[in-house]
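The chain contents come next:
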There are 2 protein chains.
Amino acid sequence: MRAVDIILKKRDGGTLTLDEVRFFVAGVTDGTLPDYQASALLMAIVLRGMTAEETARLTDAMVHSGERVDLADIPGVKIDKHSTGGVGDKTSLILAPLAAACGVPVPMMSGRGLGHTGGTLDKLEAIPGFRVDLSLTEMKAALARVGCAMIGQTAQIAPADKKLYALRDVTGTVESIPLISASIMSKKIAEGIDGLVLDVKTGSGAFMKTEADSRRLAESLVSIGNASGVRTEAVISAMDSPLGRAVGNALEVIECLEVLKGGGPSDLIEVSVELTSRMLVLGRAAADRVDAQQRVRGAIASGAGLERFRQIVQHQGGDPHVVDDYRRLPAAPERYLVTAPATGYLTRLDAELVGRASVALGAGRDRVEDAVDPAVGIVVIVKPGDPGDPGDPGDYVQAGDPILELHYRDRARLDRALPLATRSIAVSDARPAPRPLLVGEVH
Amino acid sequence: MRAVDIILKKRDGGTLTLDEVRFFVAGVTDGTLPDYQASALLMAIVLRGMTAEETARLTDAMVHSGERVDLADIPGVKIDKHSTGGVGDKTSLILAPLAAACGVPVPMMSGRGLGHTGGTLDKLEAIPGFRVDLSLTEMKAALARVGCAMIGQTAQIAPADKKLYALRDVTGTVESIPLISASIMSKKIAEGIDGLVLDVKTGSGAFMKTEADSRRLAESLVSIGNASGVRTEAVISAMDSPLGRAVGNALEVIECLEVLKGGGPSDLIEVSVELTSRMLVLGRAAADRVDAQQRVRGAIASGAGLERFRQIVQHQGGDPHVVDDYRRLPAAPERYLVTAPATGYLTRLDAELVGRASVALGAGRDRVEDAVDPAVGIVVIVKPGDPGDPGDPGDYVQAGDPILELHYRDRARLDRALPLATRSIAVSDARPAPRPLLVGEVH
């Protein structure tokens, strides 16, 4: 088999066989396929696409580039959740302890933030001492002990993906539903889980800007998961504005704790309860979605979820007292208020721009090697669609009213963040029609 | 400027600016652009195309990756010819001395054979002693003395093309009219010529199989040439069967000498006279095409073309006595006749398969580093469309009649060539409609 023949076949719109896909992935993994051939094939895949069957083959080959973790000795139906990435998208820290508290083991492998979106590992590491680099043995011990482990990708998991992703990033071949699907699902399938709930984001702050693209991605992911024996379903949820009101690592930890204590913003609660409920049904810890939602809300009300969060933190080396004392979390020394430019309805708070402003403050990274400041970030004071209630005008603002509170450390970084934060805001005389948060589902 | 942004732009169907194209070509030339980014961009160009203006920019950037030869101190209008490659396509050895004999200086830079097509340099080197590696100074001296030099590409000519071509060959990015156009025209423009006649081949033995594709390529080439100040026109000529009757280096030299002596096959004469006449008009050595054809035929009849050929050979270190004594050329020791499988009209003699059979015998190369045997090759005894005359049945053959005479040295190579040669032949009861040799023109 010659690499150039595989490239020619895909270039001319052909469908690659299992052997051809395996040849490509094996060559990437062991370095025998030159990068220039891999990138030519990647570009041909971006522009010619892949059938569902081909994408499943690619995923399978990527799973087999490493090892598929065996969690058979952990009792229960193991369920994970994956989000395609958003701004203020912190549900993992809420749903993992809630699902565990309801009896569903959650072996969660997450990533770090890149570009304008945040990453679960960065948020967890805002908790002093928290270790995300557990070995597989430690992860299994955590699962057995507290029913949940929240860790980073181990080197055994789909090593082909790591190499391919690095190449895609510099060759303009990221935006491809087959390549994205294989990248996400190969890692999730290799984790050894029984079921997976996906949160596919849609909107200006999401990777997929349109609902149609988000649905295509969701369908691709669900189809691959189910074909490989992982029961998979997806929620499509809006990502036009940040989710919740906190953007930035320590700020988001606090907001998650507020939700687990029965407070927190309504949109974050809605998405978290929806995702956790689906995990309970998939994990056979609830009879149906109605039953599941009651159990999840019960675990919030009883404090069982909060207690589980404390146990996870303690088990992974973090300071469990952060749960009760937010002053133990890193905090930025300075504040800056970004205000409404006019009087009217706040019609837009662009998630991508808020995310980029937060990265500019130091909360995220433009490049993989950048360091993250856990303390800095942005608190959203007013959101589009805020309903308002007695004494609170909701999303109707006066010129000069504060919209965003920037938590910063470094003046130069604030100067870079401000234009982005300012541009994220739009005010208009007409109140826009309310848009649903949960846009659709695929299963 | 970032390479990945240029890749993304082309991937999404954008048009690259001059600066972007220059950044790409300069990076390829000096090695600062990694091959994996170059190959991703090449694949995006193959699948998204380039506008005529973009292709001209790419050509210009490739010309400027090296030096543009200055031939201003050579008197006269310097004209070259380029063929897109075929089987038995030996017209350069006929038209260069004929045009020079008619007063047009011909600074011809040619290539070697690759794949099923032959190359002018390999044919010239079949003449004992012939040197194709003249320096630019030696080339200018040859032009001044005998009005013609036939040499290989010097290192100064479009070095970006050499690197890009090597990469395209292994990344499935050869088949692209913009990339092919820029590759051909950058080298021709850099030669320092005033005018160029292109022979764009079309048919089963050509790079472009359909007349529509060949016309698109011809239009692209002509447009680039004229835009860069090189007066350029193109003939589109058929390449379904080999041109002439000789395929293989020494065999083709002999056939060229036969044409220059007033003999030779009619199709080869027709294409050679057509191309040379156009060179004379472009080179202002004839008033119009009718005048030019008379002059060219006159140079054959008078022996002036043959004499000029002898001078070129002598000036470039070759044995000029080959002109009169073909035994001084290498000859293969063995012959094998491939015969008609049935009685009927010879409807097909597939040029690509005959070319590949000739390569299998050793006359060409599959890889750049392969050595070439100047002696071996194939003589075509019967061609489709042969008119026949008293005592000659033309293309009507009896089962067992010889069609091809294979000149070989090595039995193992013959065994590889035979299936290709046999498959090149088709015989049928119905005589096919005659097809024109000169299919079209673009100027």
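Since this is a predicted model, take the numbers as computed values, not measurements.

1. What about the overall build of chain A?
Alright, step 1. Looking only at helices and strands, one finds 16 helices and 13 strands in chain A.
Alright, step 2. A compact globule built from 443 residues would reach a C-alpha radius of gyration of about 22 Å, and chain A, at 22 Å, matches this within 12%.
Alright, step 3. Counting only C-alpha atoms, chain A reaches 70 × 45 × 40 Å along its principal axes.
Alright, step 4. When each of the 443 residues of chain A is scored for burial, the buried share is 57%.
Alright, step 5. Accessible surface computed for chain A: about 17000 Å², of which carbon and sulfur atoms make up 50%.

2. Some remarks on the relation of the copies chain B and chain A
Alright, step 1. Of the transformation placing chain B onto chain A, the axial shift is 0.0 Å and the rotation is 179°, giving an RMSD of 0.0 Å. Look at the turn and shift together and you get a two-fold axis relating the two. Closest approach to the rotation axis among the C-alpha atoms of chain B is made by Y36 of chain B, whose C-alpha sits 1.9 Å away.
Alright, step 2. A symmetric contact is evident, with 100% of the interface residues of chain B recurring at the interface of chain A.

3. Structural notes on the pattern of salt bridges
Oppositely charged side chains are able to pair whenever their charged atoms sit close together.
Residue and element names in this part refer to chain A.
Alright, step 1. One pass over the full model with this rule turns up 80 salt bridges over all chains.
Alright, step 2. E441 is paired through a salt bridge with R278; the nearest N and O atoms lie 2.3 Å apart. On the criterion of sequence distance, the pair formed by E441 in strand β13 (residues 438-442) and R278 in helix α12 (residues 266-282) is long-range, its members being 163 residues apart.
Alright, step 3. By relative accessible area, which is 35% here, E441 ends up partly exposed.
Alright, step 4. Judged by relative accessible area, which is 2%, R278 ranks as buried.

4. Things to note about unusual backbone geometry
Residues and elements named next belong to chain A.
Alright, step 1. Backbone geometry at R284 places phi at a positive 60°, although glycine is not the residue there.
Alright, step 2. By the element assignment, R284 lies in the loop between α12 and α13 (289-301).
Alright, step 3. Overall, R284 belongs to the exposed group, its relative accessible area being 62%.

5. Section: the nonpolar core
Alright, step 1. Judged by nonpolar contacts, the single largest core of 87 residues is most densely connected at L280, I403, L404 and L406 of chain B.
Alright, step 2. At eight residues, helix α12 (residues 266-282) of chain B tops the list of elements feeding residues into this core.
Alright, step 3. Looking at which domains feed residues into this core, each of domain 2 (79-323) and domain 3 (331-428) of chain B gives three or more.
Alright, step 4. Of all hydrophobic cores here, the second largest spans 86 residues; its members include V104, C148, A299 and L329 of chain A.

6. Quick look at the side chain of S181 of chain A
All names here are of chain A.
Alright, step 1. Here S181 lies in helix α9 (residues 177-190).
Alright, step 2. A polar contact is formed between the side chain of S181 and the side chain of S220, at a distance of 2.7 Å.
Alright, step 3. Look past the residues within four positions of S181 in its chain and what remains in contact with it is T55, S186, L217, S220, L221 and I224.

7. A closer look at the sheet that holds strand β4 (residues 195-202) of chain A
All names here are of chain A.
Alright, step 1. The sheet built from four strands is open, its strands ordered β1-β4-β5-β13 with mixed pairing. The open sheet has two edge strands, β1 (79-83) and β13, and neither has a second partner. On average, each strand axis in the sheet is inclined to that of its neighbour by 20°, with strand direction left out of account.
Alright, step 2. Of the strand pairs in this sheet, β4 and strand β5 (residues 231-238) are connected by eight bridges, and their pairing is parallel. Each residue of the ladder has a partner; that of T202, found in β5, is A238.

8. Notes on the domain arrangement of chain A
Alright, step 1. For chain A, the assigned domains read domain 1 (3-49), domain 2 (79-323) and domain 3 (331-428).
Alright, step 2. Taking only C-alpha atoms, the centre of domain 1 of chain A and the centre of domain 3 of chain A are 43 Å apart.

9. Let's talk about the sheet that holds strand β8 (residues 344-349) of chain A
Across a sheet, strands are paired by hydrogen bonds formed along the backbone, either parallel or antiparallel in direction.
Residues and elements named next belong to chain A.
Alright, step 1. Pairing in this open sheet of three strands is antiparallel, and the strands run β10-β8-β12 from one edge to the other. On the outer flanks of this sheet lie β10 (396-397) and β12 (425-428), each paired with one strand and no other.
Alright, step 2. When β8 meets β10, the two strands line up antiparallel, connected through two bridges. Its bridge partner being in β10, G344 is matched across the sheet by V397.

10. Side note on the environment of G400 of chain A
Residues and elements named next belong to chain A.
Alright, step 1. Relative to the elements of secondary structure, G400 occurs in the loop between β10 and β11 (402-408).
Alright, step 2. In the structure, G400 is positioned 60 residues away from A340 in sequence and 5.0 Å away in space, judged by C-alpha atoms.
Alright, step 3. Residues contacting G400, with those up to four places away along its chain left out, are T339 and A340.

11. Considerations on the environment of K78 of chain A
All names here are of chain A.
Alright, step 1. By the secondary structure assignment, K78 is in the loop between α4 (52-63) and β1.
Alright, step 2. On the basis of relative accessibility, which here comes to 5%, the residue K78 falls in the buried class.
Alright, step 3. Between the C-alpha atoms of K78 and V372, which are 294 residues apart in sequence, the distance is 31 Å.

12. Considering helix α10 (residues 211-227) of chain B
Residue and element names in this part refer to chain B.
Alright, step 1. In this model α10 runs 24 Å from its N-terminal to its C-terminal C-alpha over 17 residues, within 8% of the 24 Å that 1.5 Å per residue would give.
Alright, step 2. Buried residues of α10: S214, L217, A218, S220, L221, V222, I224 and G225, and no others.
Alright, step 3. Tucked inside the fold, the buried residues of α10 contact α4 (52-63), α9 (177-190), β4 (195-202), β5 (231-238) and β13 (438-442).
Alright, step 4. Just downstream of α10 lies G229, where phi reads positive at about 90°.

Cut-offs and rules
- Residues numbered from 1 in each chain as written.
- Chains lettered and ligands numbered in written order.
- Predicted model: local features only at pLDDT ≥ 70, side-chain atom pairs only at ≥ 80, totals over all residues.
- Heavy atoms only, no water.
- Helix = DSSP H or I, 4+ residues; strand = E, 2+ residues; numbered from the N terminus.
- Rg over C-alpha atoms; globule rule 2.2 N^0.38 Å.
- Buried < 20%, exposed > 50% of the residue type's maximum accessible area, 1.4 Å probe, protein only.
- Areas by Shrake-Rupley, 256 points an atom, 1.4 Å probe, with all protein chains shown as cover.
- Least-squares fit on C-alpha atoms with pLDDT ≥ 70 in both.
- Contact = heavy atoms within 4.5 Å.
- Salt bridge = Lys/Arg side-chain N within 4 Å of Asp/Glu carboxyl O.
- Core = buried A, V, L, I, M, F, W, Y, C linked by side-chain atoms within 4.5 Å.
- Domains from an automatic or database assignment.
- Polar contact = N/O pair within 3.5 Å; in protein donor to acceptor, adjacent residues only side chain to side chain.
- Pairing = 2+ DSSP bridges.
- Axes fitted to C-alpha atoms, helices over the stretch in contact; angles between N-to-C directions.
- Expected span 1.5 Å × (residues − 1).

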